[in-house]
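# Coordinate analysis (summary)
One-letter residues, chain by chain:
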Amino acid sequence: MQYPTIVDSHCHLDFPDFDGQHADIIARAIEAGVTRMVTICTRLRQEPQVRAIAEAHDAVFYAAGTHPMSAAEEPLATVEELVTLAEHPKFVGIGETGLDYHYTAESAQVQQESLRIHIEAARRTGLPLIIHARDADADMARILSEEHAAGAYACVMHCFSSTAALAEAALDLGFYLSMSGIATFPRSQEVRDIFAAAPVDRILVETDSPYLAPPPHRGRRNEPAYTAHTAKVGAEVFGMDYADFSAQTTANFERLFTKAARWQQAA
């Protein structure tokens, strides 16, 4: 059976959960219609391992940055370092970066400094910024807006599960919201309502695997193939046929992740 083509815009294939299984995981993804995936490096010292996965598999692209929960533990990235990494042909985004005050509020200051560095790298490279936001909505909206006023950049709010106010602030700046398995959970009606109020041409889908597996796999390891389960819920949220929603989110991905779109055209 031929499934509609979709993209897992955010996964972590370098995590130990997937060791030695990349070929099988990617094959299952492609079989489910997930023909491209972006694997995310969360600590820059691990960039070589993440890059190697992208180089080994045509369907895999990658991005790199310092995760906000690691910002106080890792050397502060420099704009120049990120710009240099972005020269790789399969490097398609800056991050993930952002703010997380749920577990690491004590490092708020260094998180904000790191975020602004990543934003400047996104500006200079023209690549989209990949944002992680948790329990930091006011600071996140303020910094994104301040920086956008200082110079435009593209951005996706990955695994969006924050407030309607932050969604509105991001959308007003022209940014994208990415739907993860969280949006499929029975108790996530508020999140689904936020997505339903957003323009469908600003929506991406992702797994954030190995985390947040959607039903019927909830509680087990997530993997890129399961993007399809989230996309089916997304289609319901927007009152669309699954094939149409898949085509729309794929077009959205290519509009934002232009380097990945060009790679496909060149391939």
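Look above for the structure.
Rules behind the numbers
Residues numbered from 1 in each chain as written. Predicted model: local features only at pLDDT ≥ 70, side-chain atom pairs only at ≥ 80, totals over all residues. Heavy atoms only, no water. Pairing = 2+ DSSP bridges. Helix = DSSP H or I, 4+ residues; strand = E, 2+ residues; numbered from the N terminus. Axes fitted to C-alpha atoms, helices over the stretch in contact; angles between N-to-C directions. Contact = heavy atoms within 4.5 Å. Phe/Tyr/Trp six-rings, centres within 6.5 Å; stacked < 30°, edge-to-face > 60°. Buried < 20%, exposed > 50% of the residue type's maximum accessible area, 1.4 Å probe, protein only. Lys NZ or Arg CZ within 6 Å of the ring centre and 35° of its normal. Arc of directions from axis to C-beta.

With that settled, consider the sheet that holds strand β2 (residues 34-41). The eight strands lie next to each other as β1-β2-β3-β4-β5-β6-β7-β8, forming an open sheet whose pairing is parallel. One side of each edge strand has no neighbouring strand; the edge strands of this open sheet are β1 (6-11) and β8 (203-205). Taken pair by pair, the neighbouring strands of this sheet meet at an average axis angle of 30 degrees, ignoring direction. Across four bridges, the pairing between β1 and β2 is parallel. Its bridge partner being in β2, I6 is matched across the sheet by V34. Sitting on the sheet, helix α7 (residues 164-172) is in contact with β5 (129-134), β6 (155-157) and β7 (176-179), with an inclination near 130 degrees to β7.

A few words on the packing of aromatic side chains. Summed over all chains, the structure comprises seven aromatic pairs. Between the aromatic rings of Y153 and F175, the centroid separation amounts to 5.3 Å while the plane-to-plane angle is 40 degrees, which identifies the pairing as tilted. With Y153 in the loop between α6 (137-150) and β6 and F175 in the loop between α7 and β7, this pair connects stretches of sequence that are 22 residues apart. A centroid spacing of 6.4 Å and a plane angle of 90 degrees characterise the contact between F160 and F195, whose relative ring orientation is edge-to-face. Of this pair, F160 sits in the loop between β6 and α7 while F195 sits in helix α8 (residues 189-196), and the two are 35 residues apart along the sequence. Owing to a relative accessible area of 4%, F160 belongs among the buried residues under this scheme. The exposure class assigned to F195 is buried, which follows from its relative accessible area of 0%. Looking at K90, its charged tip hangs above the ring of F61, at a distance of 4.9 Å from the centre. Above the face of the F185 ring, R218 is positioned so that its terminal group lies 3.7 Å from the ring centre.

Right, let's talk about α8 for a bit. Note on helix geometry: an α-helix contains 3.6 residues per turn, so any two residues three or four positions apart are oriented the same way. Residues of α8 that are buried: V191, R192, I194 and F195. Buried residues along α8 cover an arc of 155 degrees about the axis, so they all sit on one side. Check the buried side of α8 and you find it contacts α7, β7, β8 and α9 (227-237).

Shape descriptors only; they carry no functional weight alone.
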